[in-house]
Amino acid sequence: MDAIRDRTLVSSTDLDLEAVKRPSREEAMEAVRTLIAWAGDDPRREGVIDTPKRVVDAYAEWFEGYGLDPAKELSRTFEDVQGYDDIVMLRDIEVESHCEHHMAPFLGKAFVAYMPTNRVVGISKLAKVVEIFARRLQTQETMTQQIADAITDSLRPAGVAVMIDATHQCMTTRGVHHRHVSTLTTQFTGVFKTDPTLRQRFLDFAKR
Ligand SMILES: Nc1nc2c(ncn2[C@@H]2O[C@H](COP(=O)(O)OP(=O)(O)OP(=O)(O)O)[C@@H](O)[C@H]2O)c(=O)[nH]1
Ligand SMILES: [Zn+2]
């Protein structure tokens, strides 16, 4: 909860968090009671009496990314890479996010690679950056680009490649009800943009 209340940074987005009046926890729970009633149920019913508290706690987890700083995660780098000069790539990073249009989950996998110049970052930090952006409301396209931007800004690598493959529940469980559609987004910068062979290697690695 405090992570959301004390939101510190939203880099590479246009959010002006200072201008947003944060509701209190009680106000947020009241909003959930309103939604329960809107759904047609009785918010005073025993089975749902604690639901507003649970939903607000769940929101604190799902949206904790507003209080986390991707640049901070990427700030510790290692320069002694002993001549390593090829792709660093993480495959199958779990993505659990919510689309900004419906606040419905979209779930999938991210593939993140960069071509180091003289420094590398701890590999877990790349997965953490994906998680920070996933735990905000946005589109899949924005999230893909934000991950690439954060890595570029912090590491100044020769290039970054990001791919996300995700299923949006706003189109599988409602709306058009296309249950098996997944959405693929990619963002390539630097050498991944200019060198088709390198880009193809990234795509081949992702397929394995
Ligand atoms: N580009 C993009 N679109 C998304 C994403 N998540 C959800 N959407 C789409 O956002 C659109 C919102 O369209 P609207 O017509 O404003 O809303 P809607 O009436 O609820 O649309 P439907 O989902 O088609 O019922 C829908 O087409 C969703 O499929 C995303 O990450 N990227
Ligand atoms: Zn949606």
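Parameters and conventions
- Residues numbered from 1 in each chain as written.
- Chains lettered and ligands numbered in written order.
- Predicted model: local features only at pLDDT ≥ 70, side-chain atom pairs only at ≥ 80, totals over all residues.
- Heavy atoms only, no water.
- Helix = DSSP H or I, 4+ residues; strand = E, 2+ residues; numbered from the N terminus.
- Areas by Shrake-Rupley, 256 points an atom, 1.4 Å probe, with all protein chains shown as cover.
- Lys, Arg positive; Asp, Glu negative; His and termini not counted.
- Charge placed at Lys NZ, Arg CZ, Asp CG, Glu CD.
- UniProt positions renumbered as here; feature names shortened; annotations may be inferred.
- 1 Å grid on protein atoms, 1.4 Å probe; cavity = no way out; pocket = protein on both sides within 12 Å on 5 of 7 lines; lining within 4 Å.
- Contact = heavy atoms within 4.5 Å.
- Buried < 20%, exposed > 50% of the residue type's maximum accessible area, 1.4 Å probe, protein only.
- Axes fitted to C-alpha atoms, helices over the stretch in contact; angles between N-to-C directions.
- Parallel < 35°, antiparallel > 145°, perpendicular 65-115°, else oblique.
- Left-handed = near helix turned anticlockwise from the far one by under 90°.
- Pairing = 2+ DSSP bridges.
- Near = heavy atom within 4 Å.
- Polar contact = N/O pair within 3.5 Å; in protein donor to acceptor, adjacent residues only side chain to side chain.

Engineer: Give a description of the overall build of the protein chain that names residues and reports values.
Structural biologist: Scanning the protein chain from N- to C-terminus turns up 9 helices and 7 strands. Principal-axis analysis of the C-alpha atoms gives the protein chain an extent of 65 × 40 × 25 Å. In the form shown here, the protein chain has an accessible surface area of approximately 11,900 Å², with 51% of it arising from carbon and sulfur atoms. Charge-centre separation for the protein chain: the mean point of 27 positive side chains lies 2 Å from the mean point of 32 negative side chains.

Engineer: Lay out the UniProt feature "domain: GTP cyclohydrolase I" (unreviewed entry) in the protein chain in plain terms, naming residues and giving numbers.
Structural biologist: Under the local residue numbering, the UniProt record ascribes the feature "domain: GTP cyclohydrolase I" (unreviewed entry) to residues 30-205. The span residues 30-205 carries 41% helix and 27% strand; its end-to-end C-alpha distance comes to 48 Å.

Engineer: Go over the UniProt feature "binding site: Zn(2+)" (unreviewed entry) in the protein chain with me, naming the residues and quoting the values.
Structural biologist: In the UniProt entry, the feature "binding site: Zn(2+)" (unreviewed entry) is given for Cys99, His102 and Cys170. A maximum C-alpha distance of 8.1 Å is found for the annotated residues, which run over 72 residues; spatially they form one tight group. Of the annotated positions mentioned, Cys99, His102 and Cys170 line the second largest pocket. Considering the arrangement of structural elements, one finds Cys99 in strand β2 (residues 88-99). Apart from residues lying up to four places away in sequence, Cys99 is in contact with Ala104, Phe106, Leu137, Gln138, His168 and Cys170. Relative to the elements of secondary structure, Cys170 occurs in helix α7 (residues 169-172). The buried category is assigned to Cys170, whose relative accessible area is 13%.

Engineer: I'd like to hear about the packing of helix α5 (residues 123-134) against helix α6 (residues 140-155), residue by residue, with values.
Structural biologist: At a closest axis distance of 10 Å, the pairing of α5 and α6 adopts a crossing angle of 140 degrees. If you check the angle between α5 and α6, you find them oblique. Two packed elements cross with a definite hand, and for α5 against α6 that hand is right-handed. Two secondary-structure elements touch here, α5 through Leu126, Val129, Val130, Phe133 and Ala134 and α6 through Met143, Gln146, Ile147, Ala150 and Ile151.

Engineer: Which residues make up the sheet that holds β2, and what values go with them?
Structural biologist: One open sheet accounts for 5 strands, arranged β5-β2-β3-β6-β7; its pairing is mixed. Since the sheet does not close on itself, it has two edges, and those belong to β5 (137-138) and β7 (183-190), each with one partner. One ladder, built from 8 bridges, connects strand β6 (residues 159-168) with β7; its direction is antiparallel. Along β7, the bridge assignment pairs Met163 with Thr186. α6 contacts β2, β3 (105-115), β5, β6 and β7 of the sheet and is inclined by roughly 155 degrees relative to β6.

Engineer: Tell me about the environment of Ala127, residues and numbers included.
Structural biologist: Its place among the elements puts Ala127 in helix α5. The spatial distance from the C-alpha of Ala127 to the C-alpha of Leu184 is 18 Å, given a sequence separation of 57 residues. Setting aside chain neighbours within four positions, we find Ala127 in contact with Leu90 and Ile93.

Engineer: So what's going on with the site of ligand 1? Which residues, and what values?
Structural biologist: Every residue near ligand 1 is listed here: Cys99, His101, His102, Thr139, Gln140, Glu141, His168, Cys170 and Arg174. Measuring from an oxygen atom of ligand 1, one finds a side-chain N or O atom of His102 at 2.6 Å. One nitrogen or oxygen atom from the side chain of Glu141 is found 2.7 Å from a nitrogen atom belonging to ligand 1. In isolation ligand 1 offers 630 Å² of accessible surface; the protein chains occlude 51% of this area.

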